[in-house]
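Listed below, chain by chain, are the residues.
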Amino acid sequence: MEYEGLTLEKAENIAVLTLNRPERLNALTMKMNAEFHKLFREVEEDDDVRVLIITGAGKGFCAGADVDLLASITQLGSNLPRQERLQAIGAFAVPLYNLEKPVIAAVNGIAAGAGTSIALLTDIRIASENARFSMSFVARGAIPDCGATFLMPRLIGAGKSLELMYTGDIIDAREAERIGLANRVVPHDILMDEAVALTRRLAKAAPLALAQIKRAVHNGLLNGLEQQLYFESYAQNFCFARKTSSRESTRSSKSVRHNSKGADNDCMEEAGVDMGGESRRMIGALSHEACPGGTFDSQDLLVVY
């Protein structure tokens, strides 16, 4: 499927989304915002895709909303279908943030405004030495959107977030790494090599385990400790005991059986981890503690979403 201003390439269980308006430093248009929904749905539903990389074409990652379109945004919005007009600004943030696959940002240049917001929505941010970040909304008399006011304080703290949002200052890649906005900085020439190397590692991991890790971390940002312990118990048993779906069965050609004596762990086996006797005994004990009556059912535990 083709998308306006975006390209999606897939190979070896990895999808690469490239923001593709290099002549405008990949600034976003209203059409691109709408296209994101379809693109993320395609990635979510494609079982051959295990990991997604997001990067930009040319010298920029994403310069935010296209300023030449901002003055006529009302007119642009009036031309959109009613359902799209009723969506929140940056509504694509929800399917991106909730994508049940690892998402890596390969930040190759300037990430300003919504460009920084997109980077915040990913799980891991690898920055080129050429990368720059800015919460530039204030210069236009606007506030950060696309989820930035939710995500940035949770990542780098409220004080630093407010400083960057109040001032709109541009920070370089090393400063972004220092404050935790970027996971690491690499030479510009090997940025994609580093991103692909990481995604290849993740693509070999058990997809169910990765999805539950992501859910658990996201829930942990909102839950209390006790709620989170319940969710972790649910997620562990999901990995250990849930019968594989037809799609998982196709990939692994194994079914998962679970009773009070033990479990065949598709998550571990898919990841290539040897499930020795001691490990099986430990899992059996944990499973029996969570479900002393025998066969585990996910409804036996309180699940906090």
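Residues numbered from 1 in each chain as written. Predicted model: local features only at pLDDT ≥ 70, side-chain atom pairs only at ≥ 80, totals over all residues. Heavy atoms only, no water.

A. Highlighting the overall build of the chain. From N to C terminus, the chain includes 15 helices and 12 strands. By residue count, 47% of the 305 residues in the chain fall in the buried class. For the chain, long-range pairs separated by at least 24 residues make up 70% of all intrachain contacts whose partners lie at least 6 apart in sequence. Element-wise, carbon and sulfur atoms account for 53% of the exposed surface of the chain, whose accessible area totals about 15,600 Å². (Helix = DSSP H or I, 4+ residues; strand = E, 2+ residues; numbered from the N terminus. Buried < 20%, exposed > 50% of the residue type's maximum accessible area, 1.4 Å probe, protein only. Contact = heavy atoms within 4.5 Å. Areas by Shrake-Rupley, 256 points an atom, 1.4 Å probe, with all protein chains shown as cover.)

B. The arrangement of the pattern of salt bridges in detail. Applying the stated criterion across every chain, the model contains 14 salt bridges. When the shortest N-O distance is used, the salt bridge between Lys38 and Glu35 registers 2.6 Å. With Lys38 and Glu35 both in helix H1 (residues 30–45) and three residues apart, this pair spans about one turn of that helix. Connected through shared salt-bridge partners, Lys160, Glu163, Glu175 and Arg178 make up one network. (Salt bridge = Lys/Arg side-chain N within 4 Å of Asp/Glu carboxyl O.)

C. Fine view of the packing of helix H7 (residues 148–156) against helix H8 (residues 158–167). For the pair H7 and H8, interaxial distance at closest approach is 7 Å and the crossing angle is 130°. The orientation of H7 with respect to H8, classified from their angle, is oblique. The segment H7 lies against H8, with Ala148, Thr149, Met152, Pro153 and Ile156 engaging Ala158, Lys160, Ser161, Leu164 and Met165. Considered class by class, the residues forming the contact of H7 with H8 number seven nonpolar, two polar and one charged. (Axes fitted to C-alpha atoms, helices over the stretch in contact; angles between N-to-C directions. Parallel < 35°, antiparallel > 145°, perpendicular 65-115°, else oblique. Nonpolar A, V, L, I, M, F, W, Y, C, P; charged D, E, K, R; others polar.)

D. Here's a closer look at the sheet that holds strand S2 (residues 14–19). The strand order across the open sheet built from six strands is S1-S2-S3-S5-S7-S10, with neighbouring strands paired in mixed fashion. With one partner strand each, in any of the chains shown, strand S1 (6–11) and strand S10 (184–186) form the two edges of the open sheet. Mean inter-strand twist for the sheet, computed between neighbouring axes without regard to direction, equals 20°. Strand direction decides the pairing type here: strand S3 (residues 51–56) and strand S5 (residues 103–107), joined by four bridges, are parallel. Pairing of Ile53 across the sheet is with Ile104, part of S5. (Pairing = 2+ DSSP bridges.)

E. Inspection of the confidence of the model for the chain at higher detail. Taken residue by residue, the chain gives an average pLDDT of 82. The fraction at 70 or more is 72%. For the stretch residues 243–247, pLDDT sits under 50, and the model shows seven contacts to residues farther than four places along the chain or on other chains. Note that pLDDT drops below 50 for residues 252–305; the model gives that stretch 82 contacts with residues more than four away or on any other chain. (pLDDT = per-residue confidence, 0-100.)

F. The arrangement of a nonpolar patch on the surface in detail. A contiguous nonpolar surface patch, about 270 Å² in accessible area, is contributed by Phe150, Leu221 and Leu222. Residue classification places Leu221 among the partly exposed positions, given a relative accessible area of 39%. (Patch = residues over 30% accessible without salt bridge, like charges linked within 9 Å, V, L, I, M, F, W, Y side chains within 5 Å.)

G. Fine view of the pairing of S5. Taken across its five residues, S5 has five buried, putting it largely inside the fold. Alternating positions in S5 separate into two faces, Val103, Ala105 and Val107 on one and Ile104 and Ala106 on the other, with burial throughout. In terms of strand pairing, S5 meets strand S7 (residues 124–128) through four bridges, oriented parallel. Within S7, the position partnered with Ile104 by the bridge is Ile124.

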